[in-house]
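# Results of the structural survey
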Amino acid sequence: QVQLVESGGGLVQPGGSLRLSCAASGLTFSYYGMGWFRQAPGKEREFVAGISGSGGRTQYADSVKGRFTISRDNAKSTVHLQLDSLKPEDTAVYYCARGPPAGSGTSRFQYAIWGQGTQVTVSS
């Protein structure tokens, strides 16, 4: 059974940083692209960042480019999202998801398995 478990969310002041982690089990981790999405209250779930199976290719939403960094450790079956220069509009539940084989994508319909989410709140 495939399982994705996120951690690392919390309350942070504007301009601060957080590091989210997603631990995967029950799959050949390096075979799949992985992604992070987020959903704010009353809004659609949106793509944040994606990374290919090898880690050699990354994609970012324009709203987070230059502030967030996605990475993965295939030996530990984990994917991380470093959040820097956080803004109040980054407040949302952040979800880790398993993407297509090898590559990654920006559409949530390309992601078949999801974690339970971790709350990120940016507020002074």
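To be clear, the structure that these remarks concern was listed above.
Right, let's walk through the structure included here. (Residues numbered from 1 in each chain as written. Predicted model: local features only at pLDDT ≥ 70, side-chain atom pairs only at ≥ 80, totals over all residues. Heavy atoms only, no water.)

### Some thoughts on the overall build of the protein
Applied cut-off: Elements are defined by DSSP. Helices are runs of H or I of four residues or more, strands are runs of E of two residues or more, and each kind is numbered from the N terminus. This radius of gyration counts C-alpha atoms alone. The globule rule is 2.2 Å times how many residues there are, raised to the power 0.38. Working definition: with a 1.4 Å probe on protein chains only, accessible area under 20% of the residue-type maximum means buried, over 50% means exposed, and in between means partly exposed.
The helix and strand inventory of the protein stands at zero helices and eleven strands. Each helix and strand of the protein, ordered N terminal to C terminal, gives the series β-β-β-β-β-β-β-β-β-β-β. Whereas a compact globule of 124 residues would reach a radius of gyration of roughly 14 Å, the protein reaches 13 Å, a difference of no more than 12%. Considering the protein as a whole, with its 124 residues, one finds that 46% of them fall into the buried category.

### Observations regarding the sheet that holds strand β7 (residues 68-73)
We count it as follows: Being paired, for any two strands, means DSSP has found at least two bridges between them. Angles run from 0 to 180 degrees between N-to-C directions of axes, and those axes are lines fitted to C-alpha atoms, restricted for helices to the stretch in contact.
Strand order across the open sheet formed by four strands is β1-β3-β8-β7, with antiparallel pairing between neighbours. The sheet terminates laterally at β1 (3-7) and β7, the two strands that pair on one side only. Each strand axis lies, on average, 15° off the axis of its neighbour in the sheet, ignoring direction. Here strand β3 (residues 18-25) runs beside strand β8 (residues 78-83); their pairing, made up of six bridges, is antiparallel. Each bridged residue has a counterpart across the sheet, and for C22 the counterpart in β8 is V79.

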